[in-house]
Amino acid sequence: MERQQLEQLWEKIKSTVFKDLPVQTLEIWVAPISIKDIVGNKITFELPNKYFYNWLVANGHLDKIYEILCSELNSNEIEIDIEYLQGLPEQRQEEKIEFEYIPEKVFVSKAIFNPEYTFENFITDESNRFAKAVCETAAKNIGTAYNPIFIYAPVGLGKTHLLHAVGNKMLEMSRKFRIAYISANKFVDEYVEALQKNKLDEFRSKFQNSVALLLDDVQFLIGKEKSQEEFFHIFNLLFDNKKQIIITSDRKPQELRGIEERLISRFEWGVVADIGRPSLELRLAILQHKAQRERVYVPEDVLRYIAENITENIRRLIGAFNNVVARSFTENIPLTIDTVKEMLKNFMEPQPPPVSIEKIIDVVCEEFKISKKELLSKKRSEALALPRQFGMYLAKILTDLSYLQIAESFGRKDHTTAYHAYFKVKNLIASNPYYSQLVNRMIENIRK
Ligand code: ADP
Ligand code: MG
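Per chain, the residues get numbers from 1 upward, laid out in the order the sequence is written. The naming scheme follows written order: chains are lettered A onward, ligands numbered 1 onward. Predicted model: local features are reported for residues with pLDDT of at least 70 only, side-chain atom pairs are reported and counted for 80 or more only, and whole-chain, interface and lining totals are derived from all residues. Side-chain calculation: all heavy atoms of the structure are included, whereas hydrogens and water are not.

**A few points about the side chain of D125**
- The helix and strand labels rest on DSSP assignments: H or I over at least four residues marks a helix, E over at least two residues marks a strand, and numbering proceeds from the N terminus. Summarising the element assignment, D125 is placed in the loop between strand 3 (79–84) and helix 5 (129–140).
- Any pair of N or O atoms that falls within 3.5 Å is considered a polar contact. Within protein, one atom must be able to donate a hydrogen and the other to accept it, and sequence-neighbouring residues count only if both atoms are side-chain atoms. Here the side chain of D125 touches S279 through a polar contact of 2.6 Å, side chain to side chain.
- It only takes one pair of heavy atoms within 4.5 Å for two residues to be counted as in contact. Once you skip the residues sitting within four places of it in the chain, D125 turns out to touch P278, S279 and L282.

Below, the structure written as structure tokens:
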């Protein structure tokens, strides 16, 4: 058959089989498919990879295609053959990257930035919007906007991703930029090695010649006095020369016990931003983004199920997603809530213990320095109304209580009070990072 005829046939199939699908789905799943050729009664389709075949089968599309082909070609014995343009993405690109875009040889610890860790791929909600914003601004205005930047968050919430995004962005602006990216434990290792080999000058010059210093996981400097001293000098040198400095940590500066006071105070010179717990919306959005980028089809309710059940750590969330997708393809398991529940058994976190309303009230009072009696009183002054609204907001997101029950717990009769409080605080958080940090802090204390 002529190329043109093949194309016409495929158009015809598409216009019936896929006619009800949304444009986005068509673009992702259908556009990359083509008919390669027809020889006798054998039709060969070309698909990007096995995921597309699974998608066609799982949604019943292949059966319909078969039917149409039979009638179009006037035959009951046609054979469908599938060819793949590429195999399964077994080895990820990031593992194969060479150091090709490093201009010269001295790049601290041969750093290379993961091309997937970009600002575009960093999805935000209230918990991480501020941290991303300062990093992005700093990457575009090296050393002049915010300096230094100190980001802290528990493991798996995107610190390393942000540092790489900064590096990627800077290199996008100029391939010539030399950027010192290093984790603190690597810093310690290299420093010790330089000392032993008498190559301290060389070690220092790597940093001196960089436009930015991105130090990951600074908590590894705890207790390493000599390394801290060295870092202190490098920090000062770069800072005085208006180089960008960004540091990440698993805890806030004041909690870095075992790190010299003079370093801690420098960490607080510029902007300190935390990344808090990811909301359900964020977790779901991350999975949707990932599925789309990788062109794998996972039903929405399954994505939601994963997002609802893996809540604490984005690395684990993504791990669970990868695991589910891989197993579904290798073992040919359809993705439904039931099968996924089974697959994720090992990934499930123990549920955090339920939060009591009393605990919320205690923490709010402590945070705002007011008494319980005042908080629960009928007084309407702003100084009491705001803490009360935060309390109701926290009760809404941390307990299963209804608006009415929440209102009653705060000495109010009407459920609309709690309802308004919830949306008011939600908006405050969205518009002002100060409030999101405040809420994160209270949640942390409530869960303690
Ligand atoms: P940390 O350094 O804080 O332990 P990472 O930066 O290694 O965490 O992030 C863990 C994983 O989660 C990475 O794959 C990262 O890309 C992903 N991740 C974290 N936050 C986000 C986000 N906001 N959007 C998309 N992916 C994220
Ligand atoms: Mg990290």
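Back to the text.
**Examining the environment of L438**
- Locating L438 in the fold gives a position in helix 20 (residues 433–447).
- Using a relative accessible area of 4% as the deciding quantity, one classes L438 as buried.
- For the pair L438 and V272, spaced 166 residues apart in sequence, the C-alpha to C-alpha distance is 13 Å.
- Apart from residues no more than four positions distant in its own chain, L438 is found in contact with E367, F368 and F390. Only protein chains enter the area calculation, which uses a 1.4 Å probe; residues under 20% of their type maximum are buried, those over 50% are exposed, and those in between are partly exposed.

**A word on the sheet that holds strand 2 (residues 42–47)**
- Reading across from one edge, 1-2-3 is the order of the three strands in this open sheet, with mixed pairing throughout. Two strands bound the open sheet, and with one partner strand each, they are strand 1 (34–39) and strand 3. Here the strands of the sheet are splayed against their neighbours by 25 degrees on average, with no regard to which way each runs.
- Bridging between strand 1 and strand 2 involves five bridges; their strand directions are antiparallel. Bridge pairing in strand 2 places I35 opposite F45. Two strands qualify as a pair provided DSSP detects at least 2 bridges between them. Axis definition: a line fitted to C-alpha atoms, limited for helices to the stretch in contact. Angles are taken between N-to-C directions and run from 0 to 180 degrees.

**What about the nonpolar core?**
- With 49 residues, the main nonpolar core has W10, I13, I35, F45, I65 and I306 as its most contacted residues.
- Element by element, the count of residues in this core is highest for helix 13 (residues 314–330), at six residues.
- Domain segmentation is taken from an automatic or database assignment of domains. The residue makeup of this core includes at least three contributed by each of domain 1 (3–84) and domain 3 (280–343).
- Those residues in contact with I13 that lie beyond four places of it in its chain are F18, I35, I65, I68 and L69.
- Ranked by size, the runner-up nonpolar core spans 33 residues in total, among them C365, L398, A418 and V439. In these notes, a set of buried Ala, Val, Leu, Ile, Met, Phe, Trp, Tyr and Cys residues joined through side-chain atoms within 4.5 Å is what counts as a nonpolar core.

**Description of the site of ligand 1**
- As a matter of local geometry, ligand 1 sits amid 16 residues, with I123, G156, T160, H161 and R315 nearest to it.
- At 2.7 Å, a backbone N or O of G156 approaches an oxygen atom of ligand 1.
- Contacts to ligand 1 include R315, whose side-chain N or O atom sits 2.7 Å from an oxygen atom.
- Each accessible area is a Shrake-Rupley result for a 1.4 Å probe, and residues are judged covered by the shown protein chains and nothing else. Relative to its unbound accessible surface of 560 Å², ligand 1 loses 91% to contact with the protein.
- For the shell around ligand 1, the elements supplying multiple residues, two or more each, are helix 6 (159–173) and helix 13. Consider each residue's heavy atoms; a residue with any of them within 4 Å of a molecule or strand counts as near.

**Some details on the sheet that holds strand 6 (residues 212–216)**
- An order of 5-6-7-4-8 is seen for the five strands of this open sheet, with the pairing classed as parallel. Every other strand in the sheet has two partners, leaving strand 5 (179–183) and strand 8 (271–274) as the edge strands with one partner each. Neighbouring strand axes in the sheet, compared pairwise and without regard to direction, differ in orientation by 10 degrees on average.
- With four bridges joining them, strand 6 and strand 7 (residues 244–249) adopt parallel strand pairing. Pairing of L213 across the sheet is with I245, part of strand 7.
- Contacting strand 4 (149–152), strand 5, strand 6 and strand 7, helix 6 crosses the sheet at an angle of about 160 degrees to strand 6.

In short, the description is geometric, and any link to function would need to be established separately.
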